[in-house]
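Tertiary structure, described
Spelled out, the chains give:
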Amino acid sequence: MISLERLCKEIDIEFKRDEPLKNYTTLRIGGLAKFIVYPNYENILKLMKFLKDENIPFFVIGKGSNLLVSDSGYEGVVINITKIKGIKLDRDFIEVMAGESLTKVVILTAKKGLSGLEGLIGIPGSVGGAIKGNAGSFGYEISGSLEEIEVVTEDCEFRKFKGKELDFGYRKSGVKDEWIITKSKFKLNEDPAEEILKKVKGFMKKRIMTQPVKERSAGCVFKNPEGFSAGALIEQVGLKGFRVGDIMVSRLHANYFINIGDGKASDFLKLLDIVRDKVFRVFNIELEPEIKFLGV
């Protein structure tokens, strides 16, 4: 990693060694990152070329939602994209850099009288992460308004894709794990700002009433099986409030596991297995995790 440190200094990339990843996840769980870097748009390509040439493994994080990090951390390079920021408005289009907060973009577009993203209010991730997982709520999906994305490919080149070229589905996209999203462009509809803001406030109120937004969680743990609600299934098997160590099934919404103290990734995984097993035994339905895993 000495040569990576030298590169970061040469091209002005902020970096840290042995950084606790629990400080970078909404769940507040995770061991040390051997090396974490914070590139911007101007130096991301040079960084990726170096990592490819040296065959160094990496993992990309934004706001750290929807992610469980191992208690033992990660030996590769963690790429934090939160410095890849910027927003440009052009009539009914908005161009957003990947490190921007999704909620910030929802509020901004609502105030500008542009609709299409309002149901995504309160999702705590970055725009890049939301696109990668096709984030959605209240009948909205981010892919619904996505016109175009720009990525750094595995060949360390910038490449653009139209939204319709990507294989979007329920909580998935055609964005490869080897790619890093850098920019996105959304086509939105013009509507009175007061009407859009009213919708945004209504969705946020509903989110606060039905989801543990003030607790430390990774968001929804499981995807909803077709025709079912994962949270309802978990509630029906009597696991609301069930805990392993300091990880507990939320009493407000059973598809959220919350860290009520000094929770560990190992406890989270044990609880995940218990929940999946009981739901399968009662309903013969196998729950598929929605969250991503690093080092576990």
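Because the structure is a prediction, the values reported are computed rather than measured.

As a further point, take the overall build of the protein chain. Helix and strand counts for the protein chain stand at 7 helices and 19 strands. Taken against the 2.2 N^0.38 rule, which gives 19 Å for 296 residues, the C-alpha radius of gyration of the protein chain at 19 Å falls within 12% of a compact globule. If one aligns the C-alpha atoms of the protein chain with their principal axes, the spans along those axes are about 55 × 50 × 30 Å. Counting across all 296 residues of the protein chain, residues that qualify as buried make up 50%. Surface summary for the protein chain: the accessible area is close to 14,300 Å², and the carbon and sulfur share equals 48%. Across the protein chain, the mean location of the 47 positive side-chain charges is 4 Å away from that of the 42 negative side-chain charges.

Turning our attention to helix α3 (residues 102–111). Of the positions making up α3, those classed as buried are Leu 102, Thr 103, Val 105, Val 106, Thr 109 and Ala 110. Taken end-on, α3 shows its buried residues confined to a sector of 160°, consistent with a single buried face. Close packing links the buried residues of α3 with β6 (87–90), β7 (93–97), β8 (114–115), α4 (127–132) and α5 (193–210). Its side-chain oxygen 3.4 Å from the backbone nitrogen of Thr 103, Ser 101 forms the N-cap of α3. With its phi angle positive at about 75°, Gly 113 sits one or two positions after the end of α3.

Conventions we followed
- Residues numbered from 1 in each chain as written.
- Predicted model: local features only at pLDDT ≥ 70, side-chain atom pairs only at ≥ 80, totals over all residues.
- Heavy atoms only, no water.
- Helix = DSSP H or I, 4+ residues; strand = E, 2+ residues; numbered from the N terminus.
- Rg over C-alpha atoms; globule rule 2.2 N^0.38 Å.
- Buried < 20%, exposed > 50% of the residue type's maximum accessible area, 1.4 Å probe, protein only.
- Areas by Shrake-Rupley, 256 points an atom, 1.4 Å probe, with all protein chains shown as cover.
- Lys, Arg positive; Asp, Glu negative; His and termini not counted.
- Charge placed at Lys NZ, Arg CZ, Asp CG, Glu CD.
- Arc of directions from axis to C-beta.
- Contact = heavy atoms within 4.5 Å.
- Polar contact = N/O pair within 3.5 Å; in protein donor to acceptor, adjacent residues only side chain to side chain.

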